[in-house]
Amino acid sequence: MVGRRSRPAVRHSLAGTGRNPRGPGKRLIRDERLRRELELCREFRIPHSQFLGLGDGRWTERDRAKALALEEYQRSVCLQCGTRYDDWDHGGDDEEDRYTAVLQKCVGCEVIADKQQELADSGAPMHGMKVALVPAAAHAALEMLRGMQHQKSTD
């Protein structure tokens, strides 16, 4: 073909993508890009082959195997810290842990905690109350709208 560049065929190994129903695929453990792709596919409810531009939207056996492997992998991840049990050194002297605990300050979480403390200190009823972060411009617009509605109702 003149004028067209040939693209190498995209080949993904099925090794570790769900053939073993008793454990997550090893490829998902080491291949962060594949995990991210499969997470997007899950969010958009499309097969991985379609995401790659190779499929017609039907779920192939390979797509199903990858989806099941992702599901199994996600079950092995702690919901709180995002690590897996196997990510940690379990007593071996020759291995280091893959993670280190560090302090990280989130200003948004600090503002939420301050507002929660302020409410608790005020004695206001807290049942069902949630503190949320709203963009300042959106909050100002809502306050202005409330003011206009209040003005209309008093006229």
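Residues numbered from 1 in each chain as written. Predicted model: local features only at pLDDT ≥ 70, side-chain atom pairs only at ≥ 80, totals over all residues. Heavy atoms only, no water.

Asks: Please explain the nonpolar core as it appears in this structure.
Replies: Burial of nonpolar side chains together is a common tendency in soluble globular proteins. If you look at the biggest cluster of nonpolar residues, it comprises six residues: Leu-28, Leu-34, Leu-38, Ala-69, Leu-70 and Tyr-73. Counting only elements with at least two residues in this core, the list comes to helix 2 (32-44) and helix 4 (61-75). The biggest single contributor to this core is helix 4, with three residues. Those residues within four positions of Leu-38 in sequence are excluded, and the remaining contacts are Leu-28, His-48, Lys-66 and Leu-70. (Core = buried A, V, L, I, M, F, W, Y, C linked by side-chain atoms within 4.5 Å. Buried < 20%, exposed > 50% of the residue type's maximum accessible area, 1.4 Å probe, protein only. Helix = DSSP H or I, 4+ residues; strand = E, 2+ residues; numbered from the N terminus. Contact = heavy atoms within 4.5 Å.)

Asks: Is there a simple way to think about the packing of aromatic side chains in this case?
Replies: Geometry of an aromatic ring pair is reported as the spacing of the ring centres plus the angle between the planes. Counted under the stated rule, the structure contains one aromatic pair. Arranged with centres 5.5 Å apart and planes meeting at 40°, the rings of Trp-88 and Tyr-99 form a pair that is tilted. Remark: Tyr-99 occurs in the loop between helix 4 and helix 5 (107-122) and Trp-88 occurs in the loop between helix 4 and helix 5; sequence separation between them is 11 residues. A relative accessible area of 38% means that Tyr-99 is categorised as partly exposed. (Phe/Tyr/Trp six-rings, centres within 6.5 Å; stacked < 30°, edge-to-face > 60°.)

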